[in-house]
Amino acid sequence: MEIIDSIILGIIQGLTEFLPVSSSGHLELGKAILGDDSVPKESLLFTVVLHFATALSTIVIFRKDILLIIKGILKFEWNEDLQFVSKIAVSMLPAVIVGVFFEEQLEQLFGGDIMLVGCMLIVTAILLFLADRAKDTQKKVSFSNAFIIGISQAIAMLPGISRSGATISTSVLLGNDKTKAARFSFLMVVPLIFGKIAKDLLGGELTYDANNFASLSIGFVAAFVAGLFACTWMISLVKKSKLSYFAIYCIIVGIAAITWSFLK
């Protein structure tokens, strides 16, 4: 992979991981446009590296929240912080189940199926339209809500379904406060990403050609910097109920992807 391609894909990942337009879907479209002919497993490796970068950007943005949560946990009481972490754990269950039992099938979806990406982007658009019309509340995410949001996160493993869009939309449609929904959405993915990378490293599944180290590193940096910007921006957008603009964008890109899949 060329250095310029790594930078472009890194920026795409950093922006779209937090903006509700599907990072995985845009990466597949980006790789198709740039002519990346990697096999699905190699393609997934680059995707995992970029997701790792955006996970780190999430930690940077929410560093104060994370420190407060850690301090609360260390009190060894059933307080709000420990409950929050427990809800995060509950939300991880559906994605863990999918990752453990359907990993091979999932990897095969990252092989440039533009038709699938286009259709899933339209599904994302529908979710965003619905969420943008939901009433804002002061309700916190409950344990049952956390599991349902976790199901939407598992479904968002499909390229074209926005993880942030699906989880925030699901949370808001369940009646939760929009700001709390965004915070929960961004923090719930961090342990999953680190867990996935640890699993692959210990299992020897993440293999790479040393010649690609520079490309992976530069893509990582690009995704991290873009992620810092996008995460901050997205929090502001959710508060202002501006998700419908992204819904329109997803419809346009989705239709374009479907059309392209027929013409290529």
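Preceding this section is the structure that the text describes.
Here's a quick rundown of the structure. Everything quoted here is computed from the prediction, not taken from an experiment.

Glancing now at helix α11 (residues 213-239). With 27 residues, α11 should reach 39 Å at 1.5 Å per residue; the first-to-last C-alpha distance of 39 Å fits that figure. Along α11, the positions that sit buried rather than exposed are S215, L216, G219, A222, A223, A226, G227, A230, C231, M234, L237 and V238. Positive phi shows up at S241, right after α11, with a value of about 55°.

This part is about a nonpolar patch on the surface. Residues I3, I4, I7, I8, I11 and I218 make up a contiguous nonpolar surface patch of about 440 Å² in total accessible area. For the nonpolar patch, the element with the highest residue contribution is helix α1 (residues 3-18), accounting for five residues.

Bringing the packing of helix α4 (residues 63-73) against helix α5 (residues 80-101) into the picture now. Viewed as axis vectors pointing N to C, α4 and α5 meet at an angle of 110°, and their least axial separation amounts to 7 Å. As the angle between them shows, α4 and α5 are arranged roughly perpendicular. For the pair α4 and α5, the contacting residues are L68, I69, G72 and I73 in the first and D81, L82, F84 and V85 in the second.

Scanning the entire structure with this criterion turns up eight aromatic pairs. A centroid spacing of 6.3 Å and a plane angle of 10° characterise the contact between W78 and F143, whose relative ring orientation is stacked. With W78 in the loop between α4 and α5 and F143 in helix α8 (residues 143-155), the pair connects residues that are 65 residues apart, well separated along the chain. Classification of W78 as exposed rests on a relative accessible area of 57%. For F143, a relative accessible area of 32% gives the class partly exposed. Ring plane angle 85° and centroid distance 5.7 Å describe the contact between F84 and F184, whose orientation is recorded as edge-to-face. Placement of F84 in helix α5 and of F184 in helix α10 (residues 178-203) is noted, with a sequence separation of 100 residues between them.

With respect to the helices and strands, the residue S169 is situated in helix α9 (residues 163-173). From its side chain, S169 meets the backbone oxygen of G165 in a polar contact 2.6 Å long.

Looking at where A95 falls in the secondary structure, it is placed in helix α5. Judged by relative accessible area, A95 falls into the buried class, the value being 2%. Here the alpha-carbon distance between A95 and V189, two residues 94 residues apart in the chain, equals 9.7 Å. Apart from the residues lying within four places of it in its own chain, the contact partners of A95 are G150, Q153, A154, M157 and L192.

This part takes up unusual backbone geometry. At F76, a position not held by glycine, the phi torsion is positive, near 55°. Tracing the sequence through the fold places F76 in the loop between α4 and α5. For F76, a relative accessible area of 72% puts it in the exposed group.

Parameters and conventions
Residues numbered from 1 in each chain as written. Predicted model: local features only at pLDDT ≥ 70, side-chain atom pairs only at ≥ 80, totals over all residues. Heavy atoms only, no water. Helix = DSSP H or I, 4+ residues; strand = E, 2+ residues; numbered from the N terminus. Expected span 1.5 Å × (residues − 1). Buried < 20%, exposed > 50% of the residue type's maximum accessible area, 1.4 Å probe, protein only. Patch = residues over 30% accessible without salt bridge, like charges linked within 9 Å, V, L, I, M, F, W, Y side chains within 5 Å. Areas by Shrake-Rupley, 256 points an atom, 1.4 Å probe, with all protein chains shown as cover. Salt bridge = Lys/Arg side-chain N within 4 Å of Asp/Glu carboxyl O. Axes fitted to C-alpha atoms, helices over the stretch in contact; angles between N-to-C directions. Parallel < 35°, antiparallel > 145°, perpendicular 65-115°, else oblique. Contact = heavy atoms within 4.5 Å. Phe/Tyr/Trp six-rings, centres within 6.5 Å; stacked < 30°, edge-to-face > 60°. Polar contact = N/O pair within 3.5 Å; in protein donor to acceptor, adjacent residues only side chain to side chain.

Purely geometric stuff here, so don't read any function into it on its own.
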